[in-house]
Amino acid sequence: MSAVTERQIVALVDAFYAKVRRDEVLAPVFERAIAPEAWPVHLAKMYDFWSSVMLATGRYKGNPLAVHMRLAGIEPAMFVRWLALFRATAEELFPGELAASFREKSERIAESLKLGLFYRPALNGWNLAPRSPN
Ligand code: HEM
């Protein structure tokens, strides 16, 4: 399979967050965290992130778990929705094999974010309540 191009990553990220911003469940979390004029910065960060994930360019230097820890109102069930929108967007834009490779990466990363955010060994399991920021 030929590698994804940076231009394809930009198209995917732009189309995905356009959907997110119209999604009744996800949009409020993003609206609380990202001012309208700050969206270009968020999108640029996400181009770097996916470039690092898919092409190992190392352009993204952040800490996604720490950033999501600070988000008010994020809930485990929201990941199902996030992943479904991401998968649908990738399938709209890319041939099957490339779309599948984005889906696999997104699901793996979501799993690790969910563990970090919600798994509480001291409770013997998952804390399913919406997070309040700490
Ligand atoms: C319930 C699902 C999710 C919600 C509601 C959510 C929400 C957000 C929000 C609001 C931000 C911006 C935070 C800020 O700038 O203050 C953000 C950043 C980010 N998200 Fe998510 N996210 C979700 C899942 C994911 C998943 C599954 C991934 C990766 C596959 C991901 C990757 C990122 C990255 C890389 C950033 C940038 C972090 C940084 O600033 O370095 N998110 N997310």
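Our subject is the structure that appears above.
Residues numbered from 1 in each chain as written. Predicted model: local features only at pLDDT ≥ 70, side-chain atom pairs only at ≥ 80, totals over all residues. Heavy atoms only, no water.

Draft legend 1. Just the site of the ligand, in detail. Close to the ligand lie 20 residues; Phe30, Lys45, Tyr60, His68 and Trp82 are nearest. In this structure, Lys45 approaches the ligand through a side-chain N or O atom, which is 3.0 Å from an oxygen atom. In this structure, Tyr60 approaches the ligand through a side-chain N or O atom, which is 2.5 Å from an oxygen atom. Assessed atom by atom at 2 Å from the grid points, the ligand resides in the largest pocket. Counting residues per element, the ones that place at least two in the shell around the ligand are helix H2 (27–33), helix H3 (39–55), helix H4 (64–69), helix H5 (76–93) and helix H6 (96–118). (Near = heavy atom within 4 Å. Polar contact = N/O pair within 3.5 Å; in protein donor to acceptor, adjacent residues only side chain to side chain. 1 Å grid on protein atoms, 1.4 Å probe; cavity = no way out; pocket = protein on both sides within 12 Å on 5 of 7 lines; lining within 4 Å. Sits in = over half its atoms within 2 Å of the grid points. Helix = DSSP H or I, 4+ residues; strand = E, 2+ residues; numbered from the N terminus.)

Draft legend 2. Quick look at the coordination of the iron atom of the ligand. From the protein, the iron atom of the ligand takes a single donor atom, His68 (NE2), 2.0 Å away. Looking at the element boundaries, His68 is found in helix H4. (Donors = N, O, S within 2.8 Å, 3.2 Å for Na, K, Ca; no water.)

Draft legend 3. Representation of H6 within the structure. Between the first and last C-alpha of H6 there are 32 Å, a value that for 23 residues agrees with the 33 Å anticipated at 1.5 Å per step. By the burial criterion, the buried members of H6 are Leu98, Ala99, Ser101, Phe102, Ser106, Ala110, Leu113, Lys114, Leu117 and Phe118. Where H6 is buried, its residues meet helix H1 (6–22), H3, H4, H5, strand E1 (119–120) and strand E2 (125–126). (Expected span 1.5 Å × (residues − 1). Buried < 20%, exposed > 50% of the residue type's maximum accessible area, 1.4 Å probe, protein only. Contact = heavy atoms within 4.5 Å.)

Draft legend 4. Expanded view of the environment of Phe49. For Phe49, the position within the fold is in helix H3. When the C-alpha positions of Phe49 and Gly62 are compared, they lie 8.5 Å apart, and in sequence the two are 13 residues distant. Filtering out sequence-adjacent residues up to four positions away, Phe49 remains in contact with Tyr60, Pro64 and Ile109.

Draft legend 5. Representation of the pattern of salt bridges in the model. Under the defined criterion, the tally for this structure stands at 7 salt bridges. Between Arg103 and Glu107 there is a salt bridge, with its nearest N and O atoms 4.0 Å apart. Taken as a pair, Arg103 and Glu107 lie in helix H6 at a separation of 4 residues, close to a single helical turn. According to the relative accessible area criterion, Arg103 is partly exposed, its value standing at 23%. Its salt-bridge partner being Lys114, residue Glu111 comes within 3.8 Å of it at the nearest N-O pair. Taken as a pair, Glu111 and Lys114 lie in helix H6 at a separation of 3 residues, close to a single helical turn. Taking relative accessible area as the criterion, Lys114 reaches 19% and is therefore assigned buried. In the salt-bridge network here, residues are joined through shared partners; they are Glu6, Asp48 and Arg59. (Salt bridge = Lys/Arg side-chain N within 4 Å of Asp/Glu carboxyl O.)

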